[in-house]
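One-letter residues, chain by chain:
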Amino acid sequence: MEVCYQLPVLPLDRPVPKHVLSRRGAISFSSSSSLFGGPDPRQLSQVKNKKPNTFFFDTFSVCFLTIKNVHFLFLPQRRGAISYDSSDQTALYIRMLGDVRVRSRVGFEQERRGSHPYLYIDFRILHSRPESAGPVSARKIRRLLSFQRYLHSSRFFRGIPCQNPLYILDDDYNGQAKCMLEKVGSWNFDIFLFDRLTNGNSLVTLTFHLFKQYGLIELFQLDMVKLRRFLVMVQEDYHSQNPYHNAVHAADVTQAMHCYLKEPKLSKDLTSWDILLGLLAAATHDLDHPGVNQPFLIKTNHYLAALYKNTSVLENHHWRSAVGLLRESGLFAHLPTEDRLKMESQLGSLILSTDISRQNDYLSQFRTHLEKEDLCLENACHRHFILQMALKCADICNPCRPWELSKQWSEKVTEEFFHQGKWEIEKKHKLDVSPLCDNQTNTIANIQIGFMTYVVEPLFVEWARFSDTRLSQTMLGYLGLNKAGWRGMLQEQASSGDDTDPALEETDSEVLPQGSKTL
C-alpha cells in the first residue's frame, strides 16, 4: 500500500491498549471483514515475515482506510464517532471526530440536511474476494444486500437516485437518543437535538419507537422489516433542501400527535386503529412537499394543480404519495382488501384536513360540537373528527412550543416563504410575489404575529375547551409568551430605525386569508 501523505501509521499486529479502546470515538472492523471477502485481522496478526496492512488517519482532514477491496472515506466534522466490537484487541481502530454514514454507491452526493458527513462503501466489489480469503457464499452476500436492493429497486426504475444512508452511531449517541425517547411524551421535546443524535434519522427512529410503544406491531402483525422499509422511504420522499417542510417537521408533528393521543379524553376511547391512523397521517402529512404553496402551483399551471383541479393540491398529493409507499412496501398486504382500502381512505381524510385554507370550516364545525356538547368518542365518526382536529393542531403547533424551539421553526418557515418569492422562483416566472413571500415588505416578526393571532390562537383556544388539561394550558401559555417575544422584537426593530412596519400588531387581517394558505 502506498502512503500518499505523512500520516501516523498503526500496524495491525500491534495490540491496542485497553485505555485506547475505551476512549469515545474508537472504531473497530474485525468480524465483518470476513463477510466482506477480506481476511480476519486475527489471522493477519499471526502472519510472520510479512509487512502488515496498515492504515493512516488525520483527524483534521480527510481520512482514508483501505481493507483489501473495501474502501472507506471519512469526513470528520463533529465530535463523536462510532464504536464497534471494541473488545477485539487486534482489530483496526481509528480515532475520529465525525459521525459516519454508510452509502451503497460510490462517489460524492449532496449531504442530507447539510451537516452530516458520510462513509462510502462500494458494495459492487463485495462479490470479488481475494485469493487469500475463505469461501464466501453468494447467499451470505445476498442476505447482506437484499434489504438495500429491494428498497431501491422500484425507485431506480422510476429514475430516482438512491439516497438512503445506513446510519452507524456510537454507543454515546445511541444512549442519548434512547434517553430522549424515554421522554418522547414531553411537550418540551427538542426534535432538532434528537435529529442530530440520530444523524438525520429522526422520523424513522421516532415513528418506529412509537409503533412499538403502542404495541401496533404485535396488534396488526406488522413485519418489522417492511415497517422499517416504509418509514425509510417516507423519510426519503421528504425534500431535505426544504428549510421547513422536511422530515424533521414530520417528526415534530408525529411527536406532537403522540402528546395529543395521550390526553385523557382521547386515550380513554381511541382504538388501536385510530392510533395507527393518527401516527401514519402525522408522519406522511407533508410527504413530497415541493417547498412552494398551492397558489404558486396554480399560477404556474403545474401538473399537480391540473390533476387535483386546484383543490387541496398539496394535501391530495401528500395523501396519494403516502398510499403509493404503503402499497410499494407491502406493509399492510396481509390485511383484507376491505381493511386496506378503508385505511387508505381514512388516511386521506386526515391528511386533507391539514389544508389550512379550510381552517374556518373545521373550526366552525368544532365550535358547533362543543356548544352542543354532543361529541361522543364512542362514535367512530366523532373519533375520526377529533383525530382530524388533533392533526391540525399538531401541524401548526410550533408557536405553542418553548421559545427556543418556536423561534427556530419560525425562522425556517419564513426562509421557505422568502425563497419562493426570490428571483429564482416567482420572479423568474414573472409572477406577482405571493403574500408573506416578499422579504422586502415582511419580516419574521410580523408574519408570526399575524399567524399566531388569526390562525393558531383560535384553533388552540377551542382545543383547550375540548381538552382542558395541563398540556392545553401549557400550549396557550407558550403561545402568549412567544407572541409577546415577537412583539418585543418588532418594537426593537422600529425603535432602532429599521425599515419595518411596526403597525402590524393588530392590523394583519387582510393578509391572513392568503397567507394562511402558504403552509
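In this numbering scheme, every chain counts its residues from 1 along its sequence in written order. Confidence filtering applies because this is a predicted model: local features only for residues at pLDDT of at least 70, side-chain atom pairs given and counted only at 80 or more, and all residues used for totals across whole chains, interfaces and linings. As a rule here, side-chain values cover all heavy atoms of the structure and leave hydrogens and water aside.

**A few points about the environment of Ala333**
By definition, any uninterrupted DSSP run of H or I lasting at least four residues is a helix, any uninterrupted run of E lasting at least two residues is a strand, and each is numbered from the N terminus. The topology assignment puts Ala333 in the loop between α15 (313-329) and α16 (337-352). Remark: the alpha-carbon pair of Ala333 and Leu222, spanning 111 residues in sequence, is separated by 9.5 Å.

**What to know about the pattern of salt bridges**
Pairing between side chains becomes possible if they bear opposite charge and their charged atoms approach one another. Only one rule defines a salt bridge in this text: a Lys or Arg side-chain nitrogen within 4 Å of an Asp or Glu carboxyl oxygen. By the definition in use, this model includes 7 salt bridges. Here Arg383 ties to Asp274 by a salt bridge, and the two come within 2.8 Å at their closest N and O atoms. One end of the pair, Arg383, is in helix α18 (residues 380-395); the other, Asp274, is in helix α12 (residues 272-284), with 109 residues separating them in the sequence. Between Arg367 and Glu462 there is a salt bridge; the shortest N-O distance is 3.3 Å. You can see Arg367 sitting in helix α17 (residues 359-372) and its partner Glu462 sitting in helix α21 (residues 444-466), a full 95 residues away along the chain. One continuous salt-bridge network, built from bridges that share partners, spans Arg367, Glu462 and Arg465.

**Here we look at the packing of α16 against α18**
Packed helices, taken two at a time, are described by the angle their axes make and the gap between the axes. Helix axes are fitted to C-alpha atoms over the stretch in contact, other axes to C-alpha atoms as well, and angles between N-to-C directions run from 0 to 180 degrees. The interhelical angle for the contact between α16 and α18, taken along N-to-C directions, is 45°, at an axis separation of 8 Å. Taken together, α16 and α18 sit at an angle that is classed as oblique. Between α16 and α18 lies a crossing whose hand is right-handed. From α16, Gln346, Ser349, Leu350 and Ile351 reach across to α18, where they touch His384, Leu387, Gln388 and Leu391. By definition in this entry, angles of less than 35 degrees are roughly parallel, angles greater than 145 are roughly antiparallel, angles of 65 to 115 are roughly perpendicular, and the rest are oblique. Working rule for handedness: look at the near helix, and if it is turned counterclockwise from the far one by less than a right angle, call the crossing left-handed; if clockwise, right-handed. By the convention used here, residues are in contact when the closest approach between their heavy atoms is within 4.5 Å.

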